[in-house]
Amino acid sequence: MATMMQPNFIQPILGMIGVTAGVWGWMYVKRLGYLKRQNIDPQSINTPSKMSERLPESIHYPSDNFKNLFEMPVIFYVVCLCAELFRYQGIPLSSWLYQAAWGFVILRAIHSLIHCSYNKVMHRFSVYMLSCLVLWAMVIKLALLAWR
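(A) Broad picture of unusual backbone geometry. One non-glycine residue, Asn-39, lies in positive phi territory at about 55°. Look at Asn-39 and you get exposed, because its relative accessible area is 71%. For Asn-119, which is not a glycine, the phi torsion comes out positive at approximately 55°. Of note, Asn-119 is situated in the loop between α5 (95-116) and α6 (121-146).

Structure (structure tokens):
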């Protein structure tokens, strides 16, 4: 009898790392491009307050988003790693948990696109809240598996 293959949670982890790497790269493209176009000496913005004074708000969007990617996604990484541990222990995982992991990655990618571009707060917030609901549902599902 063939057994069903358990989902591999390393894939959505790498997807989330990809989102983070993309925002990191975009942050430097925007910031360094602006400094070059405006002929600004990087030493003149050597503190966050000096940088805020000299650079337009939109140049800071990717940097602000990059910081966000080290908040709720940290819980996501832990949940996915725990799911991987469960998988290695032979604990059956629902495909829902795997799909939710990819849903979180996609929602955070959309959140990053909004935040790094036109930055409409209610659009960004709606996607953020939806991603948080998905993540907390994942946490609850994993907790139920842990204490079954």
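What follows continues from the structure just given.
(B) Seen up close, the nonpolar core. Phe-9, Met-16, Phe-76 and Met-138 are the most contacted members of the largest nonpolar core, which totals 33 residues. Sorting the residues of this core by element identifies α1 (10-37), α4 (72-88), α5 and α6 as the ones contributing at least two each. Among the elements that line this core, the one with the most residues is α5, at nine residues. Apart from the residues within four sequence positions on either side, Met-16 is in contact with Leu-69, Pro-73, Phe-76, Tyr-77, Phe-104, Val-105 and Arg-108. Counting residues in hydrophobic clusters, the runner-up holds seven residues, among them Ile-40, Met-51, Leu-55 and Ile-59.

Criteria and thresholds
- Residues numbered from 1 in each chain as written.
- Predicted model: local features only at pLDDT ≥ 70, side-chain atom pairs only at ≥ 80, totals over all residues.
- Heavy atoms only, no water.
- Buried < 20%, exposed > 50% of the residue type's maximum accessible area, 1.4 Å probe, protein only.
- Helix = DSSP H or I, 4+ residues; strand = E, 2+ residues; numbered from the N terminus.
- Core = buried A, V, L, I, M, F, W, Y, C linked by side-chain atoms within 4.5 Å.
- Contact = heavy atoms within 4.5 Å.

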